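These are the residues of each chain, in order.
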Amino acid sequence: MQHPLFILAVLFSIIILCEWLNRHTFFRKVGTTLMVILVAAVTANLGIIPSASDAPPLYGGIFTYLAPLSIFYLLLGVNLKDLKEAGLPMIIMFGIGAVGTASGALLASFLFGESALLQEYLAPFAGMMTGTYIGGSVNFNAIALEYNMMQEGAFFAGTVAVDNILTALWMITSLAMPIVLQRYFPRKEIKMYAEESGKAEVEAHNELEWVDPYQLALLGFLGILALWISNTVADWLKEIGIQFPSILVLTTIALILAQFPQIQKIQGAKLLGLLSVYLFLAVIGAFCEFAALSQIGELAMLILGFTTTVVLVHGLVVFGIGALLKQDWSLIAVASQANIGGASTAMALAKSLNRPGLMLPGIMVGSLGAGVGTYIGFLVAKILGA
């Protein structure tokens, strides 16, 4: 079924199911975030809703509009002094993760580059995977467009499928790693200012808000206007030769607004943001298309091997150096997820780990990745001769 109303109804039903399971069954230990991805992936692969190869415009709309709006709404309740302690460590770990991603792409190019099947795609492919694992799919698409990779239908579909499968798998890994590592190798958790006061912990567990049409309309106005301004500013900067992602403009607008007490008093922003995140993650799950891999045969295994190498090297570098620095495991995981999945998944991971103080730093470095990932991806492609 390709009708957008049917697809949207299924996506909402997935969220309803996962929220109910999270509240009333032992699945609460898994968390709504992970369940939404997994249930949506199963639903798409069963053919109930479209997956990556026949993605409807609705999915693009969710990525283009809803994902940024989720960041905007959740940032409206954030005070910048939450960066007091975790800002610099998060930036450092994100930078280390980016180095790990680029190193992984170069190593994978060395290991798989001799294959005749992959050789013609090697440089742009390595650039795409570098970009997407330093901030998200916006970098992937920018590099793919530059090298016309979208015209390589089967290869591009297989790459998208692998990318989304590994992004989902890394989300699962990022949820599990801090719990396991903290048990056997305890690390002191970085406490944010709001967490020390007890405020963040209370707010993290209180998702009930009293809203009315006035407040919802006000939030709608603020979100849509801010998104329009951010896209307009980014387009204008592009025209004068400055590449500055719109998500960074949107984040800046949200953070400025969030410093005003009148904005923080508006009810409903947290709920709108959380629902938007779940819809975004459901589409991420729907894009985990296993069938696309079987359609390109041996090349699929090369894509999978290449991409897995990139992610594994990234993980070894970021968690390995983070361990040597005796860094907070949850902080490392959120920084890593900001690399692999971008700002929205980093924010969702911080919430799932019950570390609300890491949400803003995760969003910030994820936004940073959306800015620098494309440049690093192009650099890797150029090194490999593109």
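What comes next concerns the included structure. (Residues numbered from 1 in each chain as written. Predicted model: local features only at pLDDT ≥ 70, side-chain atom pairs only at ≥ 80, totals over all residues. Heavy atoms only, no water.)

### Re the nonpolar core
- L11, F72, L118 and F306 are the most contacted members of the largest nonpolar core, which totals 118 residues.
- Apart from residues no more than four positions distant in its own chain, F306 is found in contact with A105, A108, S109, F112, L118, L122, F125, A126 and M129. (Core = buried A, V, L, I, M, F, W, Y, C linked by side-chain atoms within 4.5 Å. Buried < 20%, exposed > 50% of the residue type's maximum accessible area, 1.4 Å probe, protein only. Contact = heavy atoms within 4.5 Å.)

### Things to note about the packing of helix 1 (residues 4-24) against helix 2 (residues 32-45)
- Closest axis-to-axis distance for the helix 1/helix 2 pair is 9 Å, and the angle between their directions is 135 degrees. Considered as vectors, helix 1 and helix 2 are oriented oblique to each other. In this structure, helix 1 crosses over helix 2, and the sense of that crossing is right-handed. Every residue of helix 2 that contacts helix 1 at V10, I14, L17, C18, E19, L21 and N22 is listed here: T32, M35, V36, V39, A40 and T43.
- When the residues that make up the contact of helix 1 with helix 2 are grouped by side-chain class, the tally is nine nonpolar, three polar and one charged. (Axes fitted to C-alpha atoms, helices over the stretch in contact; angles between N-to-C directions. Helix = DSSP H or I, 4+ residues; strand = E, 2+ residues; numbered from the N terminus. Parallel < 35°, antiparallel > 145°, perpendicular 65-115°, else oblique. Left-handed = near helix turned anticlockwise from the far one by under 90°. Nonpolar A, V, L, I, M, F, W, Y, C, P; charged D, E, K, R; others polar.)

### Section: the packing of aromatic side chains
- For the structure on display, the rule yields five aromatic pairs.
- With 5.6 Å between their ring centres and 70 degrees between their planes, F72 and Y73 make a pair best called edge-to-face.
- Take F72: its relative accessible area is 0%, and that puts it in the buried class.
- Here F112 and F306 contribute two aromatic rings whose centre-to-centre distance is 6.4 Å and whose plane-to-plane angle is 50 degrees, an arrangement assigned as tilted. Of this pair, F112 sits in helix 4 (residues 83-112) while F306 is found in helix 16 (residues 298-324), placing the two residues 194 residues apart along the sequence. A single burial state applies to F112 and to F306, both of which are buried.
- Three or more aromatic residues joined by ring pairs make a cluster, and in this case those are F112, F125 and F306. (Phe/Tyr/Trp six-rings, centres within 6.5 Å; stacked < 30°, edge-to-face > 60°.)

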